[in-house]
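Each chain, letter by letter, is given below.
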Amino acid sequence: MTSPPAVPVTLAEIARLAGVGRAAVSNWRRRHDTFPPRIGGTDVSPHFSLTDIEKWLRENRKLGKVTSREWLWPRFEALGDRDETGLAIAAAGRLLARGESGGGPDDAGSGPVRAAVELGRREGSSDILMFLLRRWLDTHVRQITTTPEPLADLMADLALRVRESAAGEQREDPVTVLDPACGAGHLLAAAATAVPAALNRPAALLGCDRDPVLTALTDVRLALLPRPGAPAPAPVVAPGDSLRADPLIGTQADMVLCNPPSNERDWGYEDLATDARWAHGMPPRTEPELAWVQHCLARLRPGGSAVLLLPPTVAARKAGRRIRGSLLRTGALRAVVALPPGSAAPHSVSLHLWVLRRPVAGESPPGPGELLLVDAAARFPRSAARENGPEWGELGAFVRSVVTGAIGGGTVGGARGGLAAEDPDTTAWATVIPVVDLLDDEVDLTPGRHITSASGHAGPRLADSWNEVGELLDGLRTESAGLAALDLSSGTADQPNATVGELARAGALTLRSGRHPAEAATLEPRHARIPLLTLSDLLLDGSPRGWAHPDDAVVVESGDVVVVGVSREFSAWVHEGPPMAVGPQIHAIRVDPEVLDRWFLAGSLTASANARHAGTHASSSSRIDMRRLQVRRLALPEQQRYSDAFRHLAAFERLAERLGTVAKELGRDLGDELAAGRLVYGK
């Protein structure tokens with residue numbers, strides 16, 4: 001019987017498993033003759049046997065504090081392409097759902113599948129499946145579009161708030177939820193939780209996607225979901241193209257949630273010219289999203305609701321104005337919500353939520369015929385380069401509140417009462433517009449083009465910014481006074497230096513290299529305890545956006561020195577907040593306070609000469625060899641004297657950077673208010 005092929009791992013993967021930096025692994029390879037030989041790859045990017053590496057790490061006591069899951073993922077990744085790996089994960093999920101063991105020895109992917117099933121028995125079937133699914137999605141993030149979990153929760157909640165109970169509906173009846181382009185099942189999973197929580201009724205989940213790998217993964221994901229409360233029908237997830245050949249044709253749903261594929265020209269325009277779903281007009285070839293909108297409406301029961309995530313161009317493109325007008329006149333389209341950039345892929349775009357409800361027979365459009373427009377993108381401004389989501393707690397609460405107040409009256413929302421005119425936080429960023437005012441030559445439904453910030457809303461915000469500028473200037477004066485003791489003309493540069501590596505060997509400090517914890521990108525605060533700071537966060541505004549478990553991460557405590565180990569963001573500072581995990585290319589140093597002063601160390605490490613000396617100089621993303629960074633050899637009392645200067649200097653730089661940001665924003669806002677005539681200059 002032949003032994004299974006070796007599972008290859010790279011130097012980066014070995015570093016993650018050992019809890020060290022890649023440079024440390026390269027050093028082990030040079031210094032230890034017993035380090036396993038290369039089994040593939042190239043000299044620049046070698047591959048090693050996972051089994052041999054695990055054995056060597058254990059024998060040499062270099063095995064990092066990582067979970068069993070980290071050793072599981074390379075087995076799946078070694079299977080080959082995207083589809084083979086995805087189907088193996090789905091196979092493991094099916095076995096876990098059925099309580100069966102792994103496949104036979106000759107089955108493709110049977111080794112990883114068996115390992116996943118065994119681990120699932122010990123650590124939880126759903127947890128292991130979600131770990132593998134998230135790793136798979138992270139690996140193929142450019143090929144597969146997903147709906148972030150907080151956004152999926154918001155979409156499910158909005159659909160519940162708008163939906164009207166159908167005639168004859170019984171309290172114990174399941175609520176049918178359909179996603180005709182379900183992808184990896186994020187929206188259906190959100191509905192499986194939201195429906196029982198809101199209605200104390202089970203959700204009947206229906207999904208479809210043209211990618212059979214995604215439908216297989218969604219099927220097992222939903223099968224392993226905990227479903228508290230009344231017994232729920234088994235989920236039905238089928239492969240197929242919903243527009244061309246819907247495998248769930250004839251389905252009538254209470255709710256439809258959808259994040260459809262966008263900007264596709266080959267969506268079936270020629271084949272579907274006479275389709276009965278086009279009640280609002282045949283979608284132009286260039287408007288596939290409006291085909292999905294009408295498909296979702298056609299699958300709704302009367303009174304049912306739909307929430308779709310769409311590109312902003314759908315609200316304004318000239319080719320779709322006739323269909324948009326029909327959606328308004330019939331009362332099908334109830335709200336358009338502009339989300340901040342970064343809410344979902346593509347992250348540079350302010351995507352829109354379209355909230356729809358299928359009118360009940362004989363029902364006239366609500367009120368005089370109105371549309372709710374919400375500009376949450378302006379209310380919660382985000383950098384267009386942001387790759388992670390906004391502050392979902394505040395954003396979600398704002399959108400839920402506005403939708404409930406303006407078009408509630410559904411299952412959750414209560415009676416519709418209109419926007420609260422006395423609430424400037426609402427009236428400045430949301431408006432209810434009569435449909436007749438929108439039915440012009442453009443039928444432009446972009447919220448930002450119809451909402452002008454209330455004059456009373458800008459005043460307090462401008463005053464706050466002006467006061468902050470004054471406080472920052474005062475702070476700069478204080479720190480400048482602290483730096484006044486610097487003698488700019490004297491000093492010696494011939495004192496001996498010590499490297500970080502030498503200080504570590506002497507026990508003066510402990511160096512730890514950050515890594516990517518399991519599930520770090522997708523964990524929410526309720527599932528984890530500490531924030532995770534990554535290099536991507538530092539490239540934006542420096543605020544951690546991920547979360548990690550303390551037992552599965554490199555944790556920085558207050559007083560530790562944090563060092564960014566790439567040339568473009570090379571910096572060091574003393575961490576002064578609550579515990580925080582750090583990701584790859586970020587390092588944590590803990591000093592012996594009897595030997596080293598932390599502020600002296602942080603200030604010394606950031607010297608430009610250090611970056612030149614320890615960097616590889618290959619590019620701006622070159623890594624810094626942490627152990628080659630240098631610090632002057634000084635007695636502790638003298639270090640502490642320099643420590644005060646470094647502390648003042650760090651505060652000075654921080655205040656100056658914040659002042660530049662606030663002053664720029666304040667200048668733009670003042671200019672906007674002056675241009676609009678809402679500010680008066682002079683008499």
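This text goes with the structure placed above it.
None of the values given here were measured: they were computed from a predicted structure.

**A closer look at the overall build of the protein**
Right, on to step 1. Counting its regular elements, the protein contains 21 helices and 22 strands.
Right, on to step 2. Counting only residues that meet the buried cut, the protein has 47% of its 683 residues in that class.
Right, on to step 3. Look at the contacts in the protein between residues 6 or more apart in sequence, and 73% of them connect residues 24 or more apart.
Right, on to step 4. Of the roughly 31,700 Å² of accessible surface on the protein, 51% is carried by carbon and sulfur atoms.

**A few points about the pairing of strand β9 (residues 333–338)**
Right, on to step 1. For β9, the buried fraction is high: 6 of the 6 residues fall into the buried class.
Right, on to step 2. In terms of strand pairing, β9 meets strand β10 (residues 352–357) through 5 bridges, oriented antiparallel. Counterpart to L333 in the pairing with β10 is L356.
Right, on to step 3. Note: β9 against strand β11 (residues 370–375), 4 bridges, orientation parallel. Residue A338 lies in a different strand from β11, and its bridge partner there is D375.

**With respect to the packing of helix α19 (residues 598–605) against helix α21 (residues 636–675)**
Right, on to step 1. Running from N to C, α19 and α21 point in directions that differ by 60 degrees, and their axes come no closer than 8 Å. α21 is crossed by α19, and the crossing has left-handed handedness. For the pair α19 and α21, the contacting residues are W599, F600, G603 and S604 in the first and Q639, Y642, S643, F646, R647 and A650 in the second.
Right, on to step 2. When grouped by side-chain class, the residues that make up the contact of α19 with α21 number 5 nonpolar, 4 polar and 1 charged.

**Some remarks on the sheet that holds strand β7 (residues 253–258)**
Right, on to step 1. Spatial ordering of the open sheet is given by β6-β5-β4-β7-β8-β10-β9-β11-β12, a layout of 9 strands whose pairing is mixed. What marks the edges here is a single partner per strand, and that holds for β6 (236–239) and β12 (430–434). The average angle at which neighbouring strand axes cross in this sheet is 15 degrees, direction not considered.
Right, on to step 2. One ladder, built from 6 bridges, connects strand β8 (residues 300–310) with β10; its direction is antiparallel. By the bridge assignment, L308 is partnered in β10 with W354.
Right, on to step 3. Docked against the sheet, helix α11 (residues 288–298) engages β7, β8 and β10, running at close to 155 degrees with respect to β8.

**Some details on the nonpolar core**
Right, on to step 1. If you look at the biggest cluster of nonpolar residues, it comprises 52 residues, and the most contacted ones within it are L151, V177, L257, L353 and V399.
Right, on to step 2. In terms of nonpolar packing, the next biggest core, distinct from the first, is built from 40 residues, V256, L300, L373 and L438 among them.

**Thoughts on the side chain of S465**
Right, on to step 1. Here S465 shows up in helix α16 (residues 455–482).
Right, on to step 2. For S465, a relative accessible area of 17% translates into the label buried.

**Let's talk about the pattern of salt bridges**
Right, on to step 1. One pass over the full model with this rule turns up 24 salt bridges.
Right, on to step 2. Two residues, R317 and E287, come together in a salt bridge whose shortest N-O distance is 2.8 Å. Of the two residues, R317 is situated in the loop between β8 and α12 (321–329) and E287 in the loop between β7 and α11; the sequence distance between them amounts to 30 residues.
Right, on to step 3. The shortest N-O distance in the salt bridge between E502 and R633 comes to 3.4 Å. Of this pair, E502 sits in helix α17 (residues 500–505) while R633 sits in the loop between β22 (630–632) and α21; the two residues are 131 residues apart in sequence, bridging distant segments of the chain.
Right, on to step 4. By relative accessible area, E502 is classed as partly exposed at 34%.
Right, on to step 5. You can call R633 partly exposed: its relative accessible area is 47%.
Right, on to step 6. Through salt bridges with shared partners, one network takes in D241, R244, D266 and D271.

**Some remarks on the state of the cysteines**
Right, on to step 1. Per the counting criterion, the structure on display carries 0 disulfides.
Right, on to step 2. No disulfide involves C182; its sulfur sits 6.8 Å from that of C208, the nearest cysteine.
Right, on to step 3. Here C182 falls in the buried class, since its relative accessible area comes to 5%.
Right, on to step 4. According to the relative accessible area criterion, C208 is buried, its value standing at 0%.

**Side note on the side chain of R324**
Right, on to step 1. One can find R324 in helix α12.
Right, on to step 2. Although R324 is buried, it forms no salt bridge, and the closest oppositely charged side chain is E287 at an N-O distance of 5.3 Å.
Right, on to step 3. Of the polar contacts made by the side chain of R324, one reaches the backbone oxygen of E442; its length is 2.9 Å.

**Quick notes on the environment of E394**
Right, on to step 1. Tracing the backbone shows E394 in helix α14 (residues 392–407).
Right, on to step 2. With 14 residues separating them in the primary sequence, E394 and F380 have C-alpha atoms 8.7 Å apart.

**A closer look at the sheet that holds strand β16 (residues 546–548)**
Right, on to step 1. Taken together, 4 strands build an open sheet; the order of strands is β16-β15-β20-β17 and the sheet is mixed. Unpaired on one side and paired on the other, β16 and β17 (554–556) mark the two borders of the sheet. Averaged over all adjacent pairs, the angle separating strand axes in this sheet is 45 degrees, with direction ignored.
Right, on to step 2. Where strand β15 (residues 530–533) lies against strand β20 (residues 580–582), 2 bridges are found, and the strand directions are parallel. Considered in β20, the bridge of L532 is made with A581.

**Concerning the packing of helix α3 (residues 50–59) against helix α4 (residues 68–77)**
Right, on to step 1. Where α3 meets α4, the axes come as close as 11 Å, and the angle between the chain directions of the two elements is 160 degrees. Here α3 is positioned roughly antiparallel relative to α4, judged by the angle of their axes. Judged by the sense of rotation from one axis to the other, the crossing of α3 with α4 is right-handed. Residues L50, E54 and L57 of α3 touch α4, and the partners they reach there are W71, P74 and R75.

**Looking at unusual backbone geometry**
Right, on to step 1. Note that the residue after A345, namely P346, is joined by a cis bond; omega there is -5 degrees.
Right, on to step 2. Of note, P346 is situated in the loop between β9 and β10.
Right, on to step 3. A positive phi angle is found at N200, which is not glycine, with a value near 55 degrees.
Right, on to step 4. Inspection of the secondary structure assignment puts N200 in the loop between α9 (186–199) and β5 (203–209).
Right, on to step 5. Exposure remark for N200: the relative accessible area of 60% places this residue in the exposed category.
Right, on to step 6. For Q585, which is not a glycine, the phi torsion comes out positive at approximately 70 degrees.
Right, on to step 7. Mapping Q585 onto the fold places it in the loop between β20 and β21 (586–591).
Right, on to step 8. For Q585, a relative accessible area of 25% corresponds to the partly exposed category.

**A closer look at helix α1 (residues 11–18)**
Right, on to step 1. For α1, the buried fraction is high: 7 of the 8 residues fall into the buried class.
Right, on to step 2. Packed against the buried residues of α1 are β1 (8–9), α2 (22–31), β3 (46–49), α3, α4 and α7 (125–139).

Calculation criteria
Residues numbered from 1 in each chain as written. Predicted model: local features only at pLDDT ≥ 70, side-chain atom pairs only at ≥ 80, totals over all residues. Heavy atoms only, no water. Helix = DSSP H or I, 4+ residues; strand = E, 2+ residues; numbered from the N terminus. Buried < 20%, exposed > 50% of the residue type's maximum accessible area, 1.4 Å probe, protein only. Contact = heavy atoms within 4.5 Å. Areas by Shrake-Rupley, 256 points an atom, 1.4 Å probe, with all protein chains shown as cover. Pairing = 2+ DSSP bridges. Axes fitted to C-alpha atoms, helices over the stretch in contact; angles between N-to-C directions. Left-handed = near helix turned anticlockwise from the far one by under 90°. Nonpolar A, V, L, I, M, F, W, Y, C, P; charged D, E, K, R; others polar. Core = buried A, V, L, I, M, F, W, Y, C linked by side-chain atoms within 4.5 Å. Salt bridge = Lys/Arg side-chain N within 4 Å of Asp/Glu carboxyl O. Disulfide = S-S within 2.5 Å. Lys, Arg positive; Asp, Glu negative; His and termini not counted. Polar contact = N/O pair within 3.5 Å; in protein donor to acceptor, adjacent residues only side chain to side chain. Parallel < 35°, antiparallel > 145°, perpendicular 65-115°, else oblique.

Purely geometric numbers; function is a separate question.
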